[in-house]
Amino acid sequence: MDQIEIVEGDITQLRVDAIVNAANTSLLGGGGVDGAIHRAAGPQLLEECRTLGGCETGQAKITKGYRLPAMWVIHTPGPVWRDGQHGEDDLLASCYRNSLALAVQHGARTIAFPAISTGVYGFPLERATRLAVREVRKFLERNPTIEKVVFACFGPAAFECYRKTVEEANE
Ligand code: AR6
């Protein structure tokens, strides 16, 4: 799976066609990676987000990237973790699928994901990582237009988790 790349660092710095934002359903900004993306993109991003009317959990909407190196931002609200019995896995999987489908629709060939839902929303990192890697691999098998998917890991623990999971998936 050499289309999958794992990097440690700030997703806002990545030179890819699209970066994914772990948003909330208002799409009006927040903390974590959402805050970082809005800060780096500048105020026009929020202006465009205001026109979108929010977004349901597991769905995705796209905007321009403004001051970001990325041309597009794909906003997807992940599920809030409760106990794993409230559809969290399916919702998180649909975040990945819908984001990738939007990227394809807009001609993006390279896309970067943060670890959606694993911060404030409390989704267990290992479980989220396995699911992210599985969904991305499935999508890549069927969609040759995507050339590269980057997992942007914030900190060494997340990096290690993704590295191990991708390695296991390749076995
Ligand atoms: N680049 C890459 N990853 C990052 C960055 C960054 N600059 N900053 C944080 N992360 P979170 P969630 C990682 O909390 O759990 C917001 O307020 C972080 O370490 O940003 O989906 C939204 O508005 C973690 O691994 O998103 C929502 O209200 C991952 O990004 C809520 O938080 C996701 O953490 C969404 O919560």
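Before reading further, recall that the structure is shown in the block above.
What counts and how
Residues numbered from 1 in each chain as written. Predicted model: local features only at pLDDT ≥ 70, side-chain atom pairs only at ≥ 80, totals over all residues. Heavy atoms only, no water. Core = buried A, V, L, I, M, F, W, Y, C linked by side-chain atoms within 4.5 Å. Buried < 20%, exposed > 50% of the residue type's maximum accessible area, 1.4 Å probe, protein only. Helix = DSSP H or I, 4+ residues; strand = E, 2+ residues; numbered from the N terminus. Contact = heavy atoms within 4.5 Å. Phe/Tyr/Trp six-rings, centres within 6.5 Å; stacked < 30°, edge-to-face > 60°. Near = heavy atom within 4 Å. Polar contact = N/O pair within 3.5 Å; in protein donor to acceptor, adjacent residues only side chain to side chain. Areas by Shrake-Rupley, 256 points an atom, 1.4 Å probe, with all protein chains shown as cover. 1 Å grid on protein atoms, 1.4 Å probe; cavity = no way out; pocket = protein on both sides within 12 Å on 5 of 7 lines; lining within 4 Å. Sits in = over half its atoms within 2 Å of the grid points. Nonpolar A, V, L, I, M, F, W, Y, C, P; charged D, E, K, R; others polar. Points joined across faces, edges and corners; volume = space filled by probe spheres on them.

Colleague: Before we go on, may I ask you to explain the nonpolar core in this structure?
Modeller: Within soluble globular proteins, side chains that are nonpolar tend to cluster in buried spots. Ile-74, Tyr-96, Ile-111, Phe-113, Val-136, Phe-151 and Tyr-162 are the most contacted members of the largest nonpolar core, which totals 35 residues. Elements that contribute at least two residues to this core include exactly β1 (4-8), β2 (18-23), β4 (72-77), α3 (88-105), β5 (110-113), α4 (125-142), β6 (148-153) and α5 (156-170). What Ile-111 contacts, discounting residues up to four positions off in sequence, is Val-16, Ala-18, Val-20, Ile-74, Ser-99, Leu-100, Ala-103, Ile-146, Lys-148, Val-149 and Val-150. In this structure, Ile-11, Leu-14, Cys-49 and Ala-70 belong to the second largest nonpolar core, which totals 15 residues.

Colleague: Help me understand the packing of aromatic side chains, please; the structure alone is not making it clear to me.
Modeller: How two aromatic rings sit relative to each other is given by the distance of their centres and the angle of their planes. Going through the model one piece at a time under the given rule, you end up with four aromatic pairs. A centroid spacing of 6.5 Å and a plane angle of 35° characterise the contact between Phe-113 and Phe-151, whose relative ring orientation is tilted. Note that Phe-113 is positioned in strand β5 and Phe-151 in strand β6, a separation of 38 residues in sequence. With relative accessibility at 0%, the residue Phe-113 sits in the buried group. Pairing Phe-151 with Tyr-162 gives two aromatic rings, centres 4.8 Å apart and planes at 35°, and the pair type is tilted.

Colleague: Quick question: what am I supposed to make of the side chain of Thr-129 here?
Modeller: As for its position among the elements, Thr-129 is in helix α4. Apart from residues no more than four positions distant in its own chain, Thr-129 is found in contact with Cys-161, Tyr-162 and Thr-165.

Colleague: Would you explain the environment of Val-104 in this entry?
Modeller: With respect to the element layout, Val-104 can be found in helix α3. C-alpha separation for the pair Val-104 and Thr-63, spaced 41 residues apart in sequence, amounts to 14 Å. Not counting chain neighbours up to four residues away, the residues in contact with Val-104 comprise Phe-139, Asn-143, Thr-145 and Ile-146.

Colleague: Explain the site of the ligand here, please?
Modeller: Taken together, 20 residues are adjacent to the ligand, and Asp-10, Asn-24, Gly-31, Asp-34 and Ser-117 come closest. Within the contact set of the ligand, an oxygen atom lies 2.8 Å away from a backbone nitrogen or oxygen of Val-33. Residue Asp-34 places a side-chain N or O atom 2.7 Å away from an oxygen atom belonging to the ligand. In isolation the ligand exposes 700 Å². Once the protein is present, 89% of that is buried. Mapping the ligand onto the cavity grids shows that it belongs to the largest pocket. Counting residues per element, the ones that place at least two in the shell around the ligand are β2 and α1 (32-41). The element best represented in the shell around the ligand is α1, accounting for four residues. Here the residues of the shell around the ligand sort into nine nonpolar, nine polar and two charged.

Colleague: So what exactly am I meant to see when it comes to the layout of surface pockets here?
Modeller: Over the atoms rolls a probe the size of a water molecule, and in doing so it shows where empty space is left. Estimated volume of the largest pocket: approximately 590 Å³. If you go around the largest pocket, you meet 26 residues; those closest to its centre are Ala-22, Gly-32, Val-33, Ala-115 and Gly-119. Elements represented by at least two residues in the lining of the largest pocket include exactly β2, α1 and β6. The element contributing the most residues to the lining of the largest pocket is α1, with four residues. Split by residue class, the lining of the largest pocket holds 15 nonpolar, nine polar and two charged.

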